[in-house]
Amino acid sequence: MTVTTMDETNEEKKTGELPENEGNVITLVGEKSQLSEEVERKGCEEILAALNEDEKSRLSDEHMALRHLRAEKGDAKLAIKKLKKALQWRKEFGVDKIKNAFSKNGDQEMRSVMTLENETGKCYVRGYDKEGRAVFYMRPVLENTKEEINQMRQLVYHVERAIACTARKSGLEKFNIVIDYKGF
């Protein structure tokens, strides 16, 4: 298992290219934490060791374990429990199918759903802040459908895009959300 620190990944941050996520690599970069680097390192190692290969393959990015550890204020056991539930939800909800809707071999039905949901531009990911975090825009006034499950799929699609865009640009683990309620 490999855990790298910010200093070891600065070159990747500068070029915008990140190393391949092998499912057992966690990079401690970017966002400031209330936890020490040692607590984060050990906690992430414990979390990743508790996941099976199928669960590791469903991690949204290399920072997912770290985000769960930080959210639980360093309690690795609680982070493992919640992360496993999140990964199970991702599997049941079909996040991979949603993420790949527009890929060459993507699911045609999901592509149709995403095309309809994206028609009005009610939400989209575009641009970055000064630190390289993606900006996710939402405009509820442009809601064009009534099917809640498909609206949630669209939201998941754009959250996944924001995570991927931020990782590609800066290697950080957070993104920005801007909600425009004008006319809502």
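What this report covers is the structure whose coordinates are included nearby.

## Concerning the nonpolar core
Counting residues in hydrophobic clusters, the biggest one holds 14 residues, and the most contacted among them are Ile-47, Leu-51, Leu-59, Leu-83 and Leu-87. Of all the secondary structure elements, the ones that give two or more residues to this core are helix 2 (37-50), helix 4 (64-71) and helix 5 (76-93). When residues in this core are grouped by element, the largest group, five residues, is from helix 5. If sequence neighbours within four positions are ignored, Leu-83 has contacts with Ile-47, Leu-51, Leu-59, Met-64, Ala-65 and His-68. If you look at the next biggest cluster of nonpolar residues, it comprises nine residues, including Val-95, Ala-101, Met-110 and Tyr-157.

## Quick word on the sheet that holds strand 5 (residues 176-179)
Spatially, the three strands line up as an open sheet ordered 3-4-5, and their pairing is mixed. Of all the strands in the sheet, just strand 3 (123-128) and strand 5 have a single pairing partner and so form its edges. Between one strand axis and the next, the sheet turns by 25 degrees as a mean value, whatever way the strands run. Both strand 4 (residues 134-138) and strand 5 contribute to a ladder of four bridges, which runs parallel. Note that in strand 5 the partner of Met-138 across the bridge is Ile-179. Running at roughly 10 degrees to strand 3, helix 8 (residues 148-169) makes contact with strand 3 and strand 4 of the sheet.

## Re the side chain of Glu-117
Note on placement: Glu-117 falls in helix 7 (residues 108-118). Looking at Glu-117, its side chain comes within polar contact range of the side chain of Lys-122, at 2.5 Å. Side chain to side chain, Glu-117 and Thr-145 meet in a polar contact 2.8 Å long. Glu-117 has contacts with Lys-122, Glu-143, Asn-144, Thr-145, Glu-147, Asn-150, Gln-151 and Gln-154, leaving out every residue within four places of it along the chain.

## Describing the pattern of salt bridges
Pairing is possible between side chains of opposite charge, provided their charged atoms come close. Under the definition given, this model contains 17 salt bridges. Where Glu-160 meets Lys-99, a salt bridge forms, and the shortest distance between an N and an O atom there is 4.0 Å. Of this pair, Glu-160 sits in helix 8 while Lys-99 sits in helix 6 (residues 95-99), and the two are 61 residues apart along the sequence. Look at Glu-160 and you get buried, because its relative accessible area is 8%. By sharing partners, the salt bridges in this structure join Asp-54, Arg-58 and Lys-91 into a single network.

Scoring rules and cut-offs
Residues numbered from 1 in each chain as written. Predicted model: local features only at pLDDT ≥ 70, side-chain atom pairs only at ≥ 80, totals over all residues. Heavy atoms only, no water. Core = buried A, V, L, I, M, F, W, Y, C linked by side-chain atoms within 4.5 Å. Buried < 20%, exposed > 50% of the residue type's maximum accessible area, 1.4 Å probe, protein only. Helix = DSSP H or I, 4+ residues; strand = E, 2+ residues; numbered from the N terminus. Contact = heavy atoms within 4.5 Å. Pairing = 2+ DSSP bridges. Axes fitted to C-alpha atoms, helices over the stretch in contact; angles between N-to-C directions. Polar contact = N/O pair within 3.5 Å; in protein donor to acceptor, adjacent residues only side chain to side chain. Salt bridge = Lys/Arg side-chain N within 4 Å of Asp/Glu carboxyl O.

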